[in-house]
Amino acid sequence: MKLLKLTSLFLFSILITSCSKKESEIDKSAQQFALLVNDAEIANKIPRTLTAEGEMHWTNPKFDWTEGFFPGSCWYLFEATKDQKWQKAAEKFQAQFESHKLRTNNHDLGFVFNCSYGNGYRLTKNESFKQVMITSAESLSTRFNPNVGCIKSWDVTGGWQATRGWKYPVIIDNMMNLELLFEVSKLTGNDKYKNIAITHANTTLKNHFREDNSSVHVVDYDPETGEVRNKHTAQGFAHTSAWARGQAWGLYGYTVCYRYTKDEKYLKQAEKIAKFITEYKGTPEDGIPYWDYSAPNIPNEPRDVSAAAVTVSALIELDGFSKNTYKPAIDKIMTSLASEKYTAKLGENKHFLLKHSVGSIPHGAEIDVPLNYADYYYLEALVRLKK
Ligand code: GLY
């Protein structure tokens with residue numbers, strides 16, 4: 001009896017310590033992020049990353065796939081602290097891109113609107129936010145082609161995407177746009193969006209994954225027949241390599257698919273991806289992956305903190321669904337992210353939270369810099385752990 005009491009006391013004190021650790025990481029993040037919001041207020045722009053020279057790089061006001069993450073981070077800080085100043089900031093900055101809900105030439109509407117207006121609606125039930133979500137889901141749905149069974153990721157009529165010979169490229173990242181569709185079906189009772197999401201997830205499951213449970217970045221389809229034309233990369237090291245953030249997007253995406261459908265095949269897929277990531281032999285001891293699992297000059301390759309942040313947030317949710325435990329991997333990654341190696345000191349890093357992410361090495365863009373989505377998924381992970 002005495003032993004039982006002692007054990008319970010011990011477990012309780014571990015729980016209290018770990019909760020207050022999360023609290024203090026949220027407090028620390030809130031202090032730093034308040035400085036970033038102040039910078040954004042002055043410029044009236046949304047922070048994205050830093051240039052190679054260490055200057056602020058704001059999102060492109062015409063459209064930027066990362067524009068939803070900054071207000072989304074404010075929503076998570078509002079959720080964690082209940083301080084109205086975060087709600088005010090989130091509403092102000094998401095309003096800057098509301099008109100993008102009508103765009104049909106980009107698949108990133110799920111990222112943009114679910115992370116901003118989606119979190120806003122979840123926390124406030126503001127009816128006008130719901131309307132924005134519905135309109136953006138409608139716009140996203142126009143990119144679905146039933147011959148292929150997928151939403152088209154990139155248009156190939158211009159830019160660097162036009163130089164690759166693709167007809168209908170679908171990237172693993174696109175799994176992240178499905179949450180908006182599932183959510184809008186739930187909110188409206190209209191299954192159209194959910195059915196598109198399910199078909200996209202099934203086609204991706206069939207064509208994007210390899211024997212070792214890693215995924216290809218880009219699968220290019222024939223838009224008439226739905227046949228696979230190419231399996232390529234855009235942001236990874238090679239067509240056959242495993243781009244780190246791509247693996248994280250897949251893990252997160254299939255975990256979300258399971259959350260909404262309770263279809264076991266999605267849970268199994270998420271578990272397989274988690275196995276690839278967490279058991280990968282070449283990942284450094286601190287659990288923060290190199291930008292590509294098969295980058296050629298490991299250990300002299302940049303890490304990608306954004307991949308780690310997306311991965312850990314997904315693992316926290318998956319841990320709640322799966323019979324497997326992901327706690328050791330979660331603890332390891334969260335401890336690393338909170339360490340001085342990856343978390344900026346107050347007032348440094350131009351007020352972003354995390355350092356050492358990678359946007360796209362093949363494009364020579366955003367290498368070893370802070371990224372607004374690394375901060376977003378880190379805050380999401382802190383809030384998920386606090387819950
Ligand atoms: N397409 C989003 C990314 O760079 O991960």
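Presented here is an overview of the structure given in this document. (Residues numbered from 1 in each chain as written. Predicted model: local features only at pLDDT ≥ 70, side-chain atom pairs only at ≥ 80, totals over all residues. Heavy atoms only, no water.)

## Things to note about the site of the ligand
Right, on to step 1. Taken together, the neighbourhood of the ligand is formed by Trp65, Asp173, Gln235, Trp243, Arg245 and Trp249.
Right, on to step 2. Interatomic distance of 2.8 Å between a side-chain N/O atom of Gln235 and an oxygen atom of the ligand.
Right, on to step 3. Burial of the ligand by the protein amounts to 93% of the accessible area it has alone, namely 200 Å². (Near = heavy atom within 4 Å. Polar contact = N/O pair within 3.5 Å; in protein donor to acceptor, adjacent residues only side chain to side chain. Areas by Shrake-Rupley, 256 points an atom, 1.4 Å probe, with all protein chains shown as cover.)

## So, the pattern of salt bridges
Right, on to step 1. With the rule as written, the count across this model stands at 24 salt bridges.
Right, on to step 2. The shortest N-O distance in the salt bridge between Glu127 and Lys130 comes to 3.5 Å. One end of the pair is Glu127 and the other is Lys130, both in helix α5 (residues 127-141) and three residues apart, which spans about a single turn.
Right, on to step 3. Here Glu127 falls in the partly exposed class, since its relative accessible area comes to 42%.
Right, on to step 4. Where Lys275 meets Glu279, a salt bridge forms, and the shortest distance between an N and an O atom there is 3.0 Å.
Right, on to step 5. Taking relative accessible area as the criterion, Lys275 reaches 45% and is therefore assigned partly exposed.
Right, on to step 6. Note on Glu279: relative accessible area 44%, which makes it partly exposed. (Salt bridge = Lys/Arg side-chain N within 4 Å of Asp/Glu carboxyl O. Helix = DSSP H or I, 4+ residues; strand = E, 2+ residues; numbered from the N terminus. Buried < 20%, exposed > 50% of the residue type's maximum accessible area, 1.4 Å probe, protein only.)

## So, the environment of Gly118
Right, on to step 1. Here Gly118 is to be found in helix α4 (residues 109-124).
Right, on to step 2. For Gly118, a relative accessible area of 9% corresponds to the buried category.
Right, on to step 3. On a C-alpha basis, the gap between Gly118 and Val132 in space is 8.9 Å, while along the polypeptide they are 14 residues apart.
Right, on to step 4. Leave out the neighbours within four places in its chain, and Gly118 touches Phe113 and Met133. (Contact = heavy atoms within 4.5 Å.)

## A closer look at the packing of aromatic side chains
The geometry of an aromatic ring pair comes down to the distance between the two centres and the angle between the two planes.
Right, on to step 1. The tally for this structure, following the rule as stated, stands at 33 aromatic pairs.
Right, on to step 2. Three or more aromatic residues joined by ring pairs make a cluster, and in this case those are Trp65, Phe69, Tyr76, Phe111, Trp249, Tyr252, Tyr373, Tyr376 and Tyr377.
Right, on to step 3. We note Lys125 situated over the ring of Tyr121; from NZ or CZ to the ring centre the distance is 5.0 Å.
Right, on to step 4. Sitting over the ring of Tyr290, Arg303 keeps its end group 5.4 Å from the ring centre. (Phe/Tyr/Trp six-rings, centres within 6.5 Å; stacked < 30°, edge-to-face > 60°. Lys NZ or Arg CZ within 6 Å of the ring centre and 35° of its normal.)

## Remarks on the sheet that holds strand β7 (residues 228-232)
Right, on to step 1. Spatial strand order, β5-β6-β7: three strands in an open sheet with antiparallel pairing. Bordering the open sheet on either side are β5 (169-171) and β7, each of which pairs with just one other strand. Going across the sheet, the axis of each strand differs from the next one's by a mean of 20°, ignoring polarity.
Right, on to step 2. Note that strand β6 (residues 218-221) and β7 share four bridges and pair antiparallel. Its bridge partner being in β7, Val218 is matched across the sheet by His232. (Pairing = 2+ DSSP bridges. Axes fitted to C-alpha atoms, helices over the stretch in contact; angles between N-to-C directions.)

## As for the packing of helix α7 (residues 192-207) against helix α9 (residues 264-278)
Right, on to step 1. Where α7 meets α9, the axes come as close as 12 Å, and the angle between the chain directions of the two elements is 45°. Judged on the interaxial angle alone, α9 and α7 are oblique. α9 is crossed by α7, and the crossing has left-handed handedness. The segment α7 lies against α9, with Ile198, Ala201, Asn202 and Leu205 engaging Lys265, Tyr266 and Gln269.
Right, on to step 2. In terms of residue class, the contact of α7 with α9 is built from four nonpolar, two polar and one charged. (Parallel < 35°, antiparallel > 145°, perpendicular 65-115°, else oblique. Left-handed = near helix turned anticlockwise from the far one by under 90°. Nonpolar A, V, L, I, M, F, W, Y, C, P; charged D, E, K, R; others polar.)

## Quick look at the side chain of Thr49
Right, on to step 1. Counting through the fold element by element, Thr49 comes out in strand β1 (residues 47-50).
Right, on to step 2. Accessibility expressed as a relative area gives 1% for Thr49, which makes it buried.
Right, on to step 3. A distance of 2.6 Å separates a polar atom in the side chain of Thr49 from the backbone oxygen of Pro370.
Right, on to step 4. Every residue in contact with Thr49, bar those within four places of it in the chain, is listed here: Glu55, Met56, His57, Phe352, Glu366, Val369, Pro370 and Leu371.

## Here's the deal with the packing of helix α6 (residues 178-188) against α7
Right, on to step 1. Put simply, α6 and α7 touch, their axes get as near as 7 Å, and they point 150° apart. Viewed along their axes, α6 and α7 adopt a mutual orientation that is roughly antiparallel. In this structure, α6 meets α7 at a crossing whose hand is left-handed. For the pair formed by α6 and α7, the contact residues are Leu178, Leu181, Phe182, Val184, Ser185 and Thr188 on the first element and Lys192, Tyr193, Lys194, Ile196, Ala197, Ile198, His200 and Ala201 on the second.
Right, on to step 2. Class assignment for the residues of the contact of α6 with α7 results in nine nonpolar, three polar and two charged.

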